Amino acid sequence: MVSPMPLFTPEDLLRYLYKESSPELTAAIQVALTENWTLREQMEELQTSVNQLDTEKQIFAPRMEVVERVLQYARNTAIEATSKG
């Protein structure tokens, strides 16, 4: 008798992708990926989504120059506030 394939939640698969799954879960997913093409397709879709999010994060990250200006403004404002009070 063939044992049924374990069911993995999307959260399980994301933990696996981000290398945050337990060793047991990692091993189970790796075995299932070799035997279950539907799971492989799900994993590929998740990986594509993760890659897109990582790319968008880089695109929308502010330039360091802008971050420095904001921090400088905050420092100057804090200094002015303490010197007036």
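Residues numbered from 1 in each chain as written. Predicted model: local features only at pLDDT ≥ 70, side-chain atom pairs only at ≥ 80, totals over all residues. Heavy atoms only, no water.

Caption draft 1: Main features of the overall build of the chain. Scanning the chain from N- to C-terminus turns up four helices and zero strands. Walking the chain from its N terminus toward its C terminus, one meets helices and strands in the order α-α-α-α. A globule of 85 residues ought to have a C-alpha radius of gyration of about 12 Å, yet the chain, at 23 Å, is considerably larger. For the chain, the C-alpha atoms occupy an extent of roughly 80 × 25 × 15 Å along the three principal directions. For the chain, with 85 residues in total, the buried portion stands at 15%. Contacts in the chain between residues at least 24 apart in sequence constitute 49% of all its contacts with a sequence separation of at least 6. Surface accessibility of the chain: about 7,200 Å² in total, with carbon and sulfur atoms responsible for 60%. (Helix = DSSP H or I, 4+ residues; strand = E, 2+ residues; numbered from the N terminus. Rg over C-alpha atoms; globule rule 2.2 N^0.38 Å. Buried < 20%, exposed > 50% of the residue type's maximum accessible area, 1.4 Å probe, protein only. Contact = heavy atoms within 4.5 Å. Areas by Shrake-Rupley, 256 points an atom, 1.4 Å probe, with all protein chains shown as cover.)

Caption draft 2: Just the pattern of salt bridges, in detail. For the structure on display, the rule yields three salt bridges. Note that Asp12 is salt-bridged to Arg15, the shortest N-O span being 3.7 Å. In this pair, Asp12 and Arg15 both sit in helix α1 (residues 10-17), three residues apart, roughly one turn of the helix. Put simply, Arg63 and Glu65 hold a salt bridge, and the shortest N to O gap is 4.0 Å. Where salt bridges share partners, they join Arg63, Glu65 and Arg69 into one cluster. (Salt bridge = Lys/Arg side-chain N within 4 Å of Asp/Glu carboxyl O.)

Caption draft 3: Focus on the side chain of Ser21. In this structure, Ser21 sits in the loop between α1 and α2 (23-35). There is a polar contact of 2.5 Å between the side chain of Ser21 and the side chain of Thr26. (Polar contact = N/O pair within 3.5 Å; in protein donor to acceptor, adjacent residues only side chain to side chain.)

Caption draft 4: Broad picture of the confidence of the model for the chain. Scored by pLDDT, the chain has a mean of 86; 91% of the residues are at 70 or more. At the level of individual helices and strands, the chain shows its lowest average pLDDT in helix α4 (residues 64-84), which scores 85, and its highest in α2, which scores 96. (pLDDT = per-residue confidence, 0-100.)

Caption draft 5: Seen up close, the nonpolar core. Counting eleven residues, the largest nonpolar core is built from Phe8, Leu13, Tyr16, Leu17, Leu25, Ile29, Ala32, Leu33, Leu39, Met43 and Val50. Contributions of two or more residues to this core are made by α1, α2 and α3 (37-59). Considering every element that reaches this core, the biggest residue donor is α2, with four residues. (Core = buried A, V, L, I, M, F, W, Y, C linked by side-chain atoms within 4.5 Å.)

Caption draft 6: Summary view of the environment of Lys84. Here Lys84 is to be found in helix α4. For Lys84, a relative accessible area of 72% translates into the label exposed. On a C-alpha basis, the gap between Lys84 and Arg63 in space is 32 Å, while along the polypeptide they are 21 residues apart.

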